[in-house]
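In case you want the letters, here they are:
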Amino acid sequence: MNAQEWGARLDRVSLKLGHQDFALDCGFERGKVTAVVGPSGSGKSTLLNLIAGFEAPDAGRVLIDDRDMVGFDPSERPVSLIFQDNNLFAHLDIFTNVGLGVSPSLRLSSENKAAIKGALERVGLGGFEKRLPSTLSGGERQRAALARALVRQRAVMLLDEPFAALDPGLRSGMAVLLKDLHEEMKNTILLVTHHPDDIRRLADGVVFLSNGQVLYQGRTEAFFAATHVNEIRTFLTV
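Reading the values: rules and limits
- Residues numbered from 1 in each chain as written.
- Predicted model: local features only at pLDDT ≥ 70, side-chain atom pairs only at ≥ 80, totals over all residues.
- Heavy atoms only, no water.
- Helix = DSSP H or I, 4+ residues; strand = E, 2+ residues; numbered from the N terminus.
- Rg over C-alpha atoms; globule rule 2.2 N^0.38 Å.
- Buried < 20%, exposed > 50% of the residue type's maximum accessible area, 1.4 Å probe, protein only.
- Areas by Shrake-Rupley, 256 points an atom, 1.4 Å probe, with all protein chains shown as cover.
- Lys, Arg positive; Asp, Glu negative; His and termini not counted.
- Charge placed at Lys NZ, Arg CZ, Asp CG, Glu CD.
- Axes fitted to C-alpha atoms, helices over the stretch in contact; angles between N-to-C directions.
- Parallel < 35°, antiparallel > 145°, perpendicular 65-115°, else oblique.
- Left-handed = near helix turned anticlockwise from the far one by under 90°.
- Contact = heavy atoms within 4.5 Å.
- Nonpolar A, V, L, I, M, F, W, Y, C, P; charged D, E, K, R; others polar.
- Salt bridge = Lys/Arg side-chain N within 4 Å of Asp/Glu carboxyl O.

Visitor: How should the overall build of the chain be read in this particular structure?
Guide: Helices and strands together make up the secondary structure of the chain, namely eight helices and ten strands. Computed over its C-alpha atoms, the radius of gyration of the chain comes to 18 Å, within 12% of the 18 Å expected for a compact globule of 238 residues. In terms of overall dimensions, the chain has a C-alpha envelope of 50 × 40 × 35 Å along the principal axes. Within the chain, the fraction of its 238 residues that count as buried is 47%. In the form shown here, the chain has an accessible surface area of approximately 11300 Å², with 49% of it arising from carbon and sulfur atoms. Of the charged side chains in the chain, 27 are positive and 29 negative; the average position of the first set lies 3 Å away from that of the second.

What follows is the structure, given as structure tokens:
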């Protein structure tokens with residue numbers, strides 16, 4: 001694949017954290033959803049942290065839209081993140097939590113406020129602006145986190161097991177919402193998940209990690225057919 005077709009890329013990245021070594025060389029197709037999967041401790045969150053800027057490689061390059069991110073702080077990168085715990089501030093209402101995605105100082109123009117209101121409506125939280133996170137269900141809190149990512153309008157979205165705490169019905173509904181929003185935004189999405197159903201429903205491609213290295217990179221259909229690889233077969237049958 002040509003360089004201009006990668007939305008994000010780890011170019012021969014190496015990193016040592018404690019006693020674990022990571023050697024990551026992989027790309028994520030622009031405008032597509034890539035599932036980042038593998039057993040616990042394989043390096044999935046570390047991969048996201050490298051792209052987001054929370055970790056810096058010992059060697060190699062982190063590129064977003066073919067631009068080297070060396071020297072760019074997390075806040076300066078064209079990246080939005082959604083975590084399993086949704087990272088909402090408990091003492092702030094939902095409107096304010098989403099507004100932080102636009103301006104950490106909460107200096108919001110009328111256009112910003114309209115965008116926040118529109119994002120909340122888009123994820124099914126219209127009228128929830130003054131609610132506190134504690135009054136929302138787990139699925140509603142994840143929708144608020146997704147609204148915050150929407151108003152940021154970043155080229156790359158990183159999702160670290162965003163549906164893990166949801167029951168199967170809510171999980172399926174969030175997957176449909178994410179797919180619909182992605183079709184509108186055409187952003188590059190990296191989705192960390194342990195669930196094969198998420199991969200089937202959402203992912204155009206898969207990066208499979210094992211022991212800090214990329215064991216597989218390719219299309220989703222080929223991933224599910226790669227049961228001759230012991231680690232992949234184990235992941236798909238657990």
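Visitor: How do you make sense of the packing of helix H4 (residues 138-152) against helix H5 (residues 168-185) when you look at a structure like this?
Guide: Pairs of packed helices are described in terms of their axes, by the angle between the two and the distance that separates them. Across the interface, H4 lies against H5 with an axial gap of 11 Å and an inter-helix angle of 10°. Classified by the angle their axes make, H4 and H5 are roughly parallel. Classified by chirality, the crossing of H5 by H4 is right-handed. Where H4 approaches H5, its residues Gly139, Gln142, Arg143, Leu146 and Leu150 are matched on the opposing element by Leu170, Gly173, Met174, Leu177, Leu178, Leu181 and Met185. A per-class count over the contact of H4 with H5 returns eight nonpolar, three polar and one charged.

Visitor: Just to check I follow, could you spell out the pattern of salt bridges for this structure?
Guide: Side chains carrying opposite charge are able to pair once their charged atoms draw close together. Applying the stated criterion across every chain, the model contains twelve salt bridges. The salt bridge partner of Asp11 is Arg9, with a shortest N-O separation of 3.9 Å. When sorted by exposure, Asp11 lands in the same class as Arg9, which is buried. Lys130 is the partner of Asp93 in a salt bridge, and the nearest nitrogen-oxygen pair spans 3.8 Å. Of this pair, Asp93 sits in the loop between strand S6 (79-83) and helix H2 (94-99) while Lys130 is found in the loop between helix H3 (110-122) and H4, placing the two residues 37 residues apart along the sequence. Given the relative accessible area of 15%, Asp93 is considered buried. Judged by relative accessible area, which is 67%, Lys130 ranks as exposed. Salt bridges linked by common partners bring Arg9, Asp11, Arg12, Arg61 and Asp66 together as one network.

Visitor: Please clarify how the environment of Ala8 should be interpreted in this entry.
Guide: Mapping Ala8 onto the fold places it in strand S1 (residues 6-17). Judged by its relative accessible area of 1%, Ala8 is buried. Here the alpha-carbon distance between Ala8 and Ala155, two residues 147 residues apart in the chain, equals 9.4 Å. Ignoring any residue separated from it by four or fewer positions in sequence, one finds Ala8 in contact with Gly27, Phe28, Ile51, Leu63 and Ile64.

Visitor: For this particular structure, what's the right way to read the side chain of Arg77?
Guide: Counting through the fold element by element, Arg77 comes out in the loop between strand S5 (67-68) and S6. For the buried residue Arg77, which engages in no salt bridge, the nearest side chain bearing the opposite charge is Glu76, 7.0 Å off.

Visitor: Sorry if this is basic, but what is going on with helix H1 (residues 44-52) here?
Guide: Count 3.6 residues to each turn of an α-helix, and residues three or four apart come out pointing the same way. Counting buried positions over the nine residues of H1 gives seven, a clear majority of the element. Within H1, the full set of buried residues consists of Lys44, Thr46, Leu47, Leu48, Leu50, Ile51 and Ala52.

Visitor: Help me out: how do you make sense of the environment of Phe83 in this one?
Guide: Positionally, Phe83 belongs in strand S6. Measuring from C-alpha to C-alpha, the distance between Phe83 and Leu146 comes to 9.9 Å, with 63 residues separating the pair along the chain.

Visitor: What exactly am I supposed to notice about the environment of Phe163 here?
Guide: Along the chain, Phe163 turns up in the loop between strand S7 (156-160) and H5. Considered as a pair, Phe163 and Thr188 are 25 residues apart in the sequence and their alpha carbons are 18 Å apart. Those residues in contact with Phe163, other than ones at most four positions away along the chain, are Gln142, Arg171, Met174, Ala175, Leu178, Asp198 and Leu202.

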